Amino acid sequence: MIEMIDVSKTYKNGVMALSDINITIPRGDFLFVVGSSGAGKSTLIKMIFREELPTSGSIIVNGKNIVHLKEWEVPYLRRNMGIVFQDFRLLPNKTVFENVAFALQVIEAPRREIQKKVPHVLEMVGLGDKGKVYPNQMSGGEQQRVAIARAIVNNPLLVIADEPTGNLDPDTSWEIMRIFEQINKAGTTMIVATHEKAIVDGMQKRVIAIEQGNIARDELKGVYGYED
Amino acid sequence: MKIRTLEYFIKEAVGSIRHNGLMSLASVSTVALTLLILGMFLVMVLNLNHMAAALESQVQISVYLQDNLSEQEIAAVKQKISQLPGLKKIEYVSKDQALQRFREQLGEQQTILNDLGEENPLPNGFDVIVEHPDQVREVAQAVSNIKGVEKLRYEKEIVERLFTITRMIRTVGLIIIVFLALAAMFIISNTIRLTVFARRREIGIMKYVGATDWFIRWPFLLEGVMLGFLGAFIAVLLLTKFYSVFIGYVTESIAFMPILPSYPIVIYLGVFLLGVGMTIGALGSTISLRRFLHV
Ligand SMILES: Nc1ncnc2c1ncn2[C@@H]1O[C@H](COP(=O)(O)OP(=O)(O)OP(=O)(O)O)[C@@H](O)[C@H]1O
Ligand SMILES: [Mg+2]
């Protein structure tokens, strides 16, 4: 489903964030990307949803080299993906329901579809009864679950999360991981960048470790492998 | 575009206009002022052109005779004028007829003539009509050389002066309006910039969930267009009011001035000004979108 071929990225300021990366991610995979701060995890993830372009190399998503996408094609690429960030990125002046509905609204989904899908995904993340609540009335874990609901409401093939549990305590982090596992079981490919050793070790999923812009390890049922 | 999407865009745009409060007010006022002034200049130029056209089509020359000419002398002048080429008609206008005519032109203001008492300052003369407006100048030249002719008046010379005035007004107006329009655009683009910053979180999310660039741009564009429209609307209302007041004033004080009636020019002007207003708004927001909305 995703293939990175000889991908390198040098930022404008001369920092070489990634060099000659080769990764194949089959459909339905659950993948952790680990590495110390500044290793290049976020850069790797951003290139998959074309927030950043590689300096060289190809990135094939669903059989298409997204490096060559025209600007106007990028939104359509992203409609196949759900993206989750460390800082949740919810709209404070919208309710939980509205926050999730927003993702469908801005891609002009029919109203009926919104009314049907939003309660369903809220149910999936365990917030079935919180639709009318505002984000600032919720815990961090609940807010992140809203963000996850928003990421999956359009039935994406792929969910990408960049340090989704970075602001959460260990118990809550585990709850989030359980939800990811559940999403993955339904067939969605999951890519999670994280710092959390305990979680990576406990989940027993594929792990790609990045060190200074290079792939140090790529293991099925891997472990975090560092102390940091 | 779906109706519901349009509804969403309008809601967002109206929300932003309210949210920006004072800046929106400043934008609308500047547009209104700009277009009011533009409108006034246009009304002025249109009226001057209208006047020029009315005068230009005149084929009449008023010939005034020296005082104390005998009847034979007057007849001789008439004879000479009649022989000029291009002449269509010549009619004698006595002092008394001239005064009578003047009274009629003045209408209600004729009381100003009461101060004259029994005296009649107007001379005897002829109304000379030529075949074609182009011949006015030539005939006038010839008539002015005839002995016994004191003075003559024809509208063409006024026309030329009118054109000079019109040209001047046009140039001055253009400079002022370009300047004001730029100011209006600048203020609108600043207002939109505020909106972009207020909504940057939303914009970010929209990009990540796959909203198209145009979907993201539209509410901002609409906000600018709406600000421009509101300003233009106010300008049109004021202009319509001012113009009808002006017409009332002119017809009351200068009875025989050829002025354009309110209808239909305020309609045309209104449509034009609304168009200009919306364009200013659209350009203003485009400037901001280019600089601050990196989608
Ligand atoms: N927009 C940018 N412009 C210039 N350099 C950047 C940019 N983004 C990241 N970098 C640099 O690229 C390198 C990799 O950064 P990246 O954000 O991918 O690391 P990371 O593994 O996600 O780190 P962290 O765990 O702290 O999030 C770092 O040296 C960083 O300073
Ligand atoms: Mg990072």
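Residues numbered from 1 in each chain as written. Chains lettered and ligands numbered in written order. Predicted model: local features only at pLDDT ≥ 70, side-chain atom pairs only at ≥ 80, totals over all residues. Heavy atoms only, no water.

Caption draft 1: A look at the overall build of chain A. Scanning chain A for helices and strands turns up 7 helices and 10 strands. For chain A, the C-alpha radius of gyration of 17 Å lies close to 17 Å, the compact-globule estimate for 228 residues. For chain A, the C-alpha atoms occupy an extent of roughly 45 × 40 × 35 Å along the three principal directions. Across the 228 residues in chain A, those meeting the buried criterion constitute 54%. Contacts in chain A between residues at least 24 apart in sequence constitute 68% of all its contacts with a sequence separation of at least 6. Surface accessibility of chain A: about 10200 Å² in total, with carbon and sulfur atoms responsible for 48%. Taking the average place of the 27 positive charges on the side chains of chain A and the average place of its 28 negative ones, the gap between the two points comes to 7 Å. (Helix = DSSP H or I, 4+ residues; strand = E, 2+ residues; numbered from the N terminus. Rg over C-alpha atoms; globule rule 2.2 N^0.38 Å. Buried < 20%, exposed > 50% of the residue type's maximum accessible area, 1.4 Å probe, protein only. Contact = heavy atoms within 4.5 Å. Areas by Shrake-Rupley, 256 points an atom, 1.4 Å probe, with all protein chains shown as cover. Lys, Arg positive; Asp, Glu negative; His and termini not counted. Charge placed at Lys NZ, Arg CZ, Asp CG, Glu CD.)

Caption draft 2: How the structure looks around the packing of aromatic side chains. Throughout the structure, instances matching the rule amount to 13 aromatic pairs over all chains. Aromatic pair Tyr-92 of chain B and Phe-126 of chain B: ring centres 5.7 Å apart, planes at 65 degrees, arrangement edge-to-face. Of the two residues, Tyr-92 of chain B sits in strand β2 (residues 87-93) while Phe-126 of chain B sits in strand β3 (residues 125-130), which places them 34 residues apart along the sequence. Judged by relative accessible area, which is 31%, Tyr-92 of chain B ranks as partly exposed. An aromatic cluster of three or more residues is present, and its members are Tyr-8, Phe-9, Trp-214, Phe-215 and Trp-218 of chain B. Over the ring of Phe-85 of chain A we find Arg-89 of chain A, and its NZ or CZ is 3.8 Å from the ring centre. In this structure, Arg-217 of chain B is placed above the aromatic ring of Trp-214 of chain B, and the distance from its NZ or CZ to the ring centre is 4.8 Å. (Phe/Tyr/Trp six-rings, centres within 6.5 Å; stacked < 30°, edge-to-face > 60°. Lys NZ or Arg CZ within 6 Å of the ring centre and 35° of its normal.)

Caption draft 3: Representation of the sheet that holds strand β3 (residues 30-34) of chain A in the model. All names here are of chain A. Reading across from one edge, β6-β7-β8-β3-β9-β10 is the order of the 6 strands in this open sheet, with mixed pairing throughout. Lying at the two open borders of the sheet, with one neighbouring strand each, are β6 (81-85) and β10 (214-219). In this sheet, neighbouring strand axes are inclined to one another by 15 degrees on average, regardless of whether the strands run parallel or antiparallel. In terms of strand pairing, β6 meets strand β7 (residues 158-162) through 5 bridges, oriented parallel. The residue of β7 that forms the bridge with Val-84 is Ala-161. Running over the sheet, helix α6 (residues 170-185) touches β3, β7 and β8 (189-193) and is turned about 150 degrees from β8. (Pairing = 2+ DSSP bridges. Axes fitted to C-alpha atoms, helices over the stretch in contact; angles between N-to-C directions.)

Caption draft 4: Representation of the site of ligand 1. Residues and elements named next belong to chain A. Lining the immediate surroundings of ligand 1 are 14 residues, of which Ser-37, Gly-38, Lys-41, Ser-42 and Thr-43 lie closest. Between ligand 1 and the protein, one listed contact pairs a nitrogen atom with a side-chain N or O atom of Tyr-11 at 3.4 Å. In this structure, Thr-43 approaches ligand 1 through a side-chain N or O atom, which is 2.5 Å from an oxygen atom. Per-element tally for the shell around ligand 1: the top contributor is helix α1 (residues 41-48), with 3 residues. Among the residues forming the shell around ligand 1, the class breakdown is 4 nonpolar, 8 polar and 2 charged. (Near = heavy atom within 4 Å. Polar contact = N/O pair within 3.5 Å; in protein donor to acceptor, adjacent residues only side chain to side chain. Nonpolar A, V, L, I, M, F, W, Y, C, P; charged D, E, K, R; others polar.)

Caption draft 5: Quick peek at the side chain of Glu-181 of chain A. When you line up the elements, Glu-181 of chain A lands in helix α6. Glu-181 of chain A has contacts with Phe-30, Met-203 and Lys-205 of chain A, leaving out every residue within four places of it along the chain.

Caption draft 6: Quick peek at the domain arrangement of chain B. All names here are of chain B. If you check the domain split of chain B, you get domain 1 (3-55 + 160-292) and domain 2 (58-155). In this complex, domain 1 contributes 7 residues to the contact, which on the side of domain 2 involves 6 residues. For the pair domain 1 and domain 2, the summed buried surface comes to about 560 Å²; carbon and sulfur atoms form 41% of the total. Where domain 1 meets domain 2, there are 0 salt bridges. Listed by contribution, the elements that provide at least two residues to the side of domain 1 that touches domain 2 are α2 (22-56) and α8 (213-253). Considering only residue class, the side of domain 1 that touches domain 2 consists of 4 nonpolar, 1 polar and 2 charged. (Domains from an automatic or database assignment. Buried area = accessible area lost by both parts, 1.4 Å probe. Salt bridge = Lys/Arg side-chain N within 4 Å of Asp/Glu carboxyl O.)

Caption draft 7: Spatial organisation of the interface of chain A and chain B. Contact residues are listed per partner, giving 23 residues for chain A and 16 residues for chain B. Here chain A packs against chain B, burying approximately 1900 Å² in sum over the two surfaces, 57% of which is carbon and sulfur. Counting the contacts that link chain A with chain B gives 0 salt bridges. Run the count over chain A and chain B and you get 7 residue pairs in polar contact (both at pLDDT 80 or more). Here the side of chain A that touches chain B is built from residues that sort into 15 nonpolar, 1 polar and 7 charged.

Caption draft 8: Summary view of the sheet that holds strand β5 (residues 64-65) of chain A. Residues and elements named next belong to chain A. Pairing within the open sheet is antiparallel, and its 4 strands lie in the order β2-β1-β4-β5. Edge strands, defined here as strands with exactly one partner in the open sheet, are β2 (16-25) and β5. With 5 bridges joining them, strand β1 (residues 2-10) and strand β4 (residues 56-61) adopt antiparallel strand pairing. Bridging from a neighbouring strand, Ile-2 pairs with Val-61 of β4.

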